Amino acid sequence: MTSSQSPIARVHFERNQRTRDDWDAFSTHRQHVTGIIANTASRSHRRLCLLGVGNGNDVDLEVLASHFDEIALVDLDDAAIRQCVGGLSAAAARRVTPHGHIDLSYILSDLDLLRAEPSSAQQTLDSLVVKARDLPRQIDLGCWDVVVSTCLLSQLIDSVFIAVGPSHPRAAELALAVRDGHLAQLDALVDDGGKMLLITDFVSSDTLPELQQVAADSLQSLVHQAVANRNFFTGLNPAVLRQRMQNGHLLPKVYPAWRWIMGPRCFAVCAIEAVGGKTQRSNIAG
Ligand SMILES: C[S@@+](CC[C@H](N)C(=O)[O-])C[C@H]1O[C@@H](n2cnc3c(N)ncnc32)[C@H](O)[C@@H]1O
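Overview of the structure. Here the structure is a predicted model, which is why all the values come from computation and not from measurement. The residue count restarts for each chain, going from 1 along the sequence in the order it is written. With the structure being a predicted model, the display of local features is reserved for residues of pLDDT at least 70 and the display and counting of side-chain atom pairs for 80 or more, all residues being used for whole-chain, interface and lining totals. To get the side-chain values, all heavy atoms of the structure are used, and hydrogens and water are removed first.

## Some remarks on the overall build of the protein
This is how it is decided: Counting from the N terminus, the helices are DSSP H or I runs at least four residues long and the strands are E runs at least two residues long. Just to be clear, the radius of gyration here is over C-alpha atoms, and the globule rule we use is 2.2 Å times residues to the power 0.38. Only protein chains enter the accessibility calculation, which uses a 1.4 Å probe; a residue whose area is less than 20% of its type maximum is buried, one above 50% is exposed, and one in between is partly exposed. A contact between two residues is defined here by any heavy atoms of the two lying within 4.5 Å. Accessibility throughout is a Shrake-Rupley quantity obtained with a 1.4 Å probe, and a residue counts as covered only by protein chains that appear here. Two residue types count as positive, namely Lys and Arg, and two as negative, namely Asp and Glu; His and chain ends fall outside the count. Charge coordinates come from a single atom per side chain, which is NZ of Lys, CZ of Arg, CG of Asp or CD of Glu.
On a plain count of helices and strands, the protein comes out with eleven helices and seven strands. For 286 residues, the compact-globule estimate of 2.2 N^0.38 gives 19 Å, and the protein sits close to it at 18 Å. If you line up the protein on its principal axes, its C-alpha atoms span 50 × 45 × 40 Å. Buried positions account for 52% of the 286 residues belonging to the protein. Residue pairs at least 24 apart in sequence account for 76% of intrachain contacts in the protein once pairs closer than 6 positions are excluded. On the protein, roughly 13,000 Å² of surface is accessible, and the fraction owed to carbon and sulfur atoms is 51%. Between the mean site of the 26 positive side-chain charges and the mean site of the 31 negative ones, the protein shows a separation of 3 Å.

## Here's the deal with the layout of surface pockets
Operational definition: Grid spacing is 1 Å over the protein atoms alone, the probe is 1.4 Å, and a cavity is where that probe fits but cannot get out, while a pocket is an open set with protein on both sides within 12 Å along at least five of seven lines and lining residues have an atom within 4 Å of a point. Grid points are joined across faces, edges and corners, and a volume is the space filled by probe spheres set on the points. Ten residue types, Ala, Val, Leu, Ile, Met, Phe, Trp, Tyr, Cys and Pro, are classed as nonpolar, four, Asp, Glu, Lys and Arg, as charged, and the remainder, Gly among them, as polar.
Within this model, the largest pocket holds a volume of roughly 1,100 Å³. Along its surface, the largest pocket is lined by 50 residues, and H12, R15, C151, S154 and Q155 are the ones closest to its centre. Secondary structure elements with two or more residues in the lining of the largest pocket: α1 (7-19), α6 (108-116), α8 (153-164), β5 (190-204), β6 (253-262) and β7 (265-275). Per element, the largest residue contribution to the lining of the largest pocket is seven residues, and it comes from α8. Of the residues belonging to the lining of the largest pocket, the class tally is 21 nonpolar, 18 polar and eleven charged.

## Digging into the pairing of β7
The side chains of a regular strand alternate between the sheet's two faces. Test applied: At least two DSSP bridges between two strands are needed for those strands to be called paired.
Burial of β7 is extensive: nine of the eleven residues sit out of reach of the surface. By the bridge criterion, nine bridges tie β5 to β7 in an arrangement that is antiparallel. Each residue of the ladder has a partner; that of D201, found in β7, is V269. As paired elements, β6 and β7 share eight bridges and run antiparallel to each other. Looking at the pairing, V254 lines up with I272 of β7. Hairpin connection between β6 and β7: a loop of two residues separates the two successive antiparallel strands, and G263 in this loop has a positive phi of roughly 60°.

## Quick notes on the pattern of salt bridges
Our working definition: Definition used for salt bridges: Asp or Glu carboxyl oxygen within 4 Å of a side-chain nitrogen of Lys or Arg.
Applying the stated criterion across every chain, the model contains 13 salt bridges. Its salt-bridge partner being R15, residue D158 comes within 2.8 Å of it at the nearest N-O pair. Here the residue D158 occupies a position in helix α8, and R15 occupies one in helix α1, the gap between them amounting to 143 residues. Of the residues examined, R15 reaches a relative accessible area of 26% and is grouped as partly exposed. For the salt bridge of E273 with K195, the shortest nitrogen-to-oxygen distance reads 4.0 Å.

## Describing the pairing of strand β2 (residues 70-74)
Taken across its five residues, β2 has four buried, putting it largely inside the fold. One ladder, built from five bridges, connects strand β1 (residues 47-51) with β2; its direction is parallel. Note on β2: the bridge partner recorded for C49 is A72. Relative to strand β3 (residues 96-99), β2 runs parallel, the two sharing four bridges. Each residue of the ladder has a partner; that of L73, found in β3, is P98.

## Details of the nonpolar core
Just so we agree on the cut-off: Here, nonpolar core means buried Ala, Val, Leu, Ile, Met, Phe, Trp, Tyr and Cys residues that are tied together by side-chain atoms lying within 4.5 Å of each other.
Core analysis: the largest hydrophobic core is formed by 61 residues, its most contacted members being L51, L111, V147, L174, F202 and L211. The residues contacting L211, other than those within four sequence positions of it, are V203, S204, S205, L219, L222, V223, R259, C266, F267 and A268.

## Notes on the site of the ligand
The condition is simple: Here a residue counts as near a molecule or strand whenever at least one of its heavy atoms sits within 4 Å of it. Here a polar contact is taken to be a pair of N or O atoms separated by no more than 3.5 Å, where protein atoms must pair a possible hydrogen donor with a possible acceptor and residues adjacent in sequence count only if both atoms sit in side chains.
Taken together, 21 residues lie around the ligand, and N57, D58, D75, D103 and L104 are the ones closest in. Residue L76 places a main-chain N or O atom 3.2 Å away from a nitrogen atom belonging to the ligand. L104 is positioned such that a nitrogen or oxygen atom in its backbone is 2.8 Å from a nitrogen atom of the ligand. For the ligand, the protein covers 96% of the area, taking 590 Å² as the surface of the free molecule.

Right, dumping it as structure tokens:
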């Protein structure tokens with residue numbers, strides 16, 4: 001099944017269509033994301049791979065093209081990438097290569113099958129958990145100085161819930177396998193000594209309504225308290241993500257959380273930056 005025929009892919013395409021014209025509304029979120037990514041560039045870090053770029057509303061590619069010589073744009077949604085590349089200046093467009101139709105979970109067609117035939121779930125789930133964790137061996141996009149996942153991981157995990165439903169007894173187990181596969185994928189795509197940056201929404205105003213109105217100087221304590229109360233999306237506890245991205249004794253850097261307002265909903269977003277190196281990362285459950 002190609003990505004355009006996948007029912008779950010179509011859910012993501014429709015989401016992108018709904019936010020396609022939200023460039024202005026994403027302004028504050030984009031400044032955070034772009035600033036953090038630009039900060040990773042240096043004389044030895046000039047090649048950037050952006051995963052989950054979609055419409056490109058959360059990255060200013062003109063700015064990034066002035067920091068990086070080469071930028072790979074990767075997403076399932078080829079039409080969204082093409083549209084965001086279409087609006088670039090000639091100078092920026094020369095530095096950018098689109099990679100559409102790429103399923104970064106690698107299990108989308110299995111999830112579609114599971115959704116269509118829930119009775120096959122037991123056997124399929126056993127093999128899917130393994131496949132989702134084994135992902136890095138299966139996708140080859142080369143190696144990069146800087147690899148960034150931009151608000152993609154929550155969507156990869158959401159595909160699991162779309163497939164099996166949130167109350168399925170093994171939904172969380174599969175979601176964590178998808179998360180671990182994604183972190184291993186970032187590690188596999190980054191050169192030794194390069195930087196991997198995970199940017200992810202981790203809680204929304206659906207379960208933390210105070211996010212809508214919180215004063216800027218109270219945001220960090222609000223989200224810390226939420227995480228302490230286990231109020232975060234499944235698999236996206238920032239403290240656990242940080243532990244899992246740790247490379248030997250090199251502690252990942254965590255940027256202060258910020259708010260991403262999307263229509264009537266508001267998300268808290270975190271960014272975690274780790275050093276690439278194909279070493280064993282810590283193995284902490286969560
Ligand atoms: C919330 S959007 C991120 C925001 C996006 N950077 C923007 O500015 O529009 C998540 C992106 O993940 C992509 N996505 C979802 N599932 C995917 C998968 N299995 N493989 C690759 N990309 C996927 C969607 O197509 C979407 O573009």
